[in-house]
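As a plain string of letters, each chain reads:
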Amino acid sequence: MIAIIDYGMGNLHSVENALHHLNAACIITNQAAQIQQADKLILPGVGAFPDCMKHLEELGLLPVLQEEVLQKKKPLLGICLGMQALFEDSYEGTYTKGLGFLQGSIVKMQDPNVKIPHIGWNLLEPMQKASVFDKLSQAPFVYYVHSYYAQNYRPEDILGYSSYGSLKIPGLVRKDNILGAQFHPEKSGEDGLNILRWFKEEFA
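Reference entry: report on the structure contained in this document. Because the structure is a prediction, the values reported are computed rather than measured.

1. Section: the overall build of the protein chain
Along its length, the protein chain carries six helices and 14 strands. Taken against the 2.2 N^0.38 rule, which gives 17 Å for 204 residues, the C-alpha radius of gyration of the protein chain at 16 Å falls within 12% of a compact globule. Counting across all 204 residues of the protein chain, residues that qualify as buried make up 54%. Considering only intrachain contacts with a sequence separation of at least 6, the fraction spanning at least 24 residues in the protein chain is 70%. Taken as a whole, the protein chain presents about 8,900 Å² of accessible surface, with 48% of it coming from carbon and sulfur. Averaging the positions of the 17 positive and the 22 negative side-chain charges in the protein chain gives two centres separated by 3 Å.

In structure tokens:
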């Protein structure tokens with residue numbers, strides 16, 4: 001069972017629909033008991049980082065995530081804002097502390113030669129050898145919608161990236177049982193579905 005964590009800021013049903021397409025058992029929930037009972041977790045997200053952390057705190061989910069992910073080593077996938085929340089902090093609006101599962105900060109994308117926010121399809125290029133790329137097409141394009149991205153990260157945590165103007169966007173990140181996608185795999189066609197399938201069937 002995969003728990004899709006509902007803190008009021010995610011396109012929950014598109015993630016749910018993608019998982020159903022893969023015949024994955026899943027539940028949308030903000031209840032600690034259901035999160036604790038799940039085999040894997042997905043933290044989706046659309047919106048602003050400070051609101052994300054505020055909502056998680058108000059729902060009492062911060063200690064639950066710390067215990068399930070860091071102590072029990074339960075697999076977690078963060079999507080878009082959910083991936084950004086995995087990092088130490090963010091400079092979006094008000095400086096805000098993140099979950100701190102990954103080293104790095106979330107900062108505003110800046111390049112006068114491209115449009116911000118970054119909306120659209122980009123090639124996901126491998127940064128290192130990872131079994132997930134064996135599941136994807138030779139040139140996997142994935143769908144992004146964001147204005148902020150991760151910086152000051154550990155290079156060994158980056159599985160794949162996308163280039164946008166002069167920017168190198170960490171697209172797919174991993175540390176142990178923690179996985180993050182800055183893009184939306186549930187909106188990224190067959191390659192996106194294959195990333196979700198890899199998370200469901202192989203990621204541990």
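2. What to know about the sheet that holds strand β14 (residues 178-181)
Spatial ordering of the open sheet is given by β2-β1-β3-β4-β14-β13-β12-β9, a layout of eight strands whose pairing is mixed. For this open sheet the edge positions go to β2 (26-29) and β9 (125-126), each flanked by a neighbour on one side alone.

3. Overview of the pattern of salt bridges
Following the criterion strictly, the structure yields eight salt bridges and no others. With a shortest N-O distance of 3.8 Å, Glu67 and Lys72 are connected by a salt bridge. Classification of Lys72 by relative accessible area gives partly exposed; the value is 48%. With a shortest N-O distance of 2.7 Å, Lys74 and Glu68 are connected by a salt bridge.

4. Focus on the pairing of strand β13 (residues 167-175)
Bridge count for strand β12 (residues 158-164) against β13 is six bridges, and the pairing is antiparallel. Paired with Tyr164 across the bridge in β13 is Leu167. Pairing of β13 with β14 involves four bridges; the strand directions are antiparallel. Residue pairing in the sheet places Arg174 in a bridge with Leu179 of β14. As consecutive antiparallel partners, β13 and β14 are separated by two residues, and within that stretch Asp176 has a phi angle of approximately 55°, a positive value.

5. Observations concerning the environment of Asp157
If you trace the backbone, Asp157 turns up in the loop between β11 (148-151) and β12. By relative accessible area, Asp157 is classed as buried at 3%.

6. Section: the packing of aromatic side chains
Inspection of the entire model under this criterion finds five aromatic pairs. Look at Tyr144 and Phe183: their rings are 5.8 Å apart centre to centre, the planes differ by 75°, and that puts the pair in the edge-to-face class. Placement of Tyr144 in strand β10 (residues 141-146) and of Phe183 in the loop between β14 and α6 (189-201) is noted, with a sequence separation of 39 residues between them. The side chain of Lys40 reaches across the aromatic face of Phe199, ending 5.3 Å from its centre.

7. Concerning the nonpolar core
Core analysis: the biggest nonpolar cluster contains 36 residues, and Leu19, Ile42, Leu124, Leu172, Leu179 and Phe183 have the highest contact counts within it. Broken down by secondary-structure element, the contributors of at least two residues to this core are β1 (2-5), α1 (12-21), β4 (76-79), β10, β12, β13, β14 and α6. For this core, the element with the highest residue contribution is α6, accounting for five residues. Contacts of Leu172, omitting those with residues within four sequence positions, involve Leu124, Val132, Asp157, Ile158, Leu159, Gly160, Leu179, Gly180, Ala181 and Phe183. Judged by nonpolar contacts, the second largest core, of 32 residues, contains Ala3, Leu56, Ile106 and Tyr148.

8. A closer look at the sheet that holds β11
Strand order in this open sheet of four strands is β6-β5-β7-β11, and the pairing throughout is mixed. Strands with a single pairing partner mark the edges of an open sheet, and in this sheet they are β6 (96-97) and β11. Two strands pair when backbone bridges link them, and strand β7 (residues 102-108) and β11 are joined in this way by four bridges, in the antiparallel orientation. Paired with Ile106 across the two strands is Ala150, which belongs to β11.

Parameters and conventions
Residues numbered from 1 in each chain as written. Predicted model: local features only at pLDDT ≥ 70, side-chain atom pairs only at ≥ 80, totals over all residues. Heavy atoms only, no water. Helix = DSSP H or I, 4+ residues; strand = E, 2+ residues; numbered from the N terminus. Rg over C-alpha atoms; globule rule 2.2 N^0.38 Å. Buried < 20%, exposed > 50% of the residue type's maximum accessible area, 1.4 Å probe, protein only. Contact = heavy atoms within 4.5 Å. Areas by Shrake-Rupley, 256 points an atom, 1.4 Å probe, with all protein chains shown as cover. Lys, Arg positive; Asp, Glu negative; His and termini not counted. Charge placed at Lys NZ, Arg CZ, Asp CG, Glu CD. Pairing = 2+ DSSP bridges. Salt bridge = Lys/Arg side-chain N within 4 Å of Asp/Glu carboxyl O. Phe/Tyr/Trp six-rings, centres within 6.5 Å; stacked < 30°, edge-to-face > 60°. Lys NZ or Arg CZ within 6 Å of the ring centre and 35° of its normal. Core = buried A, V, L, I, M, F, W, Y, C linked by side-chain atoms within 4.5 Å.

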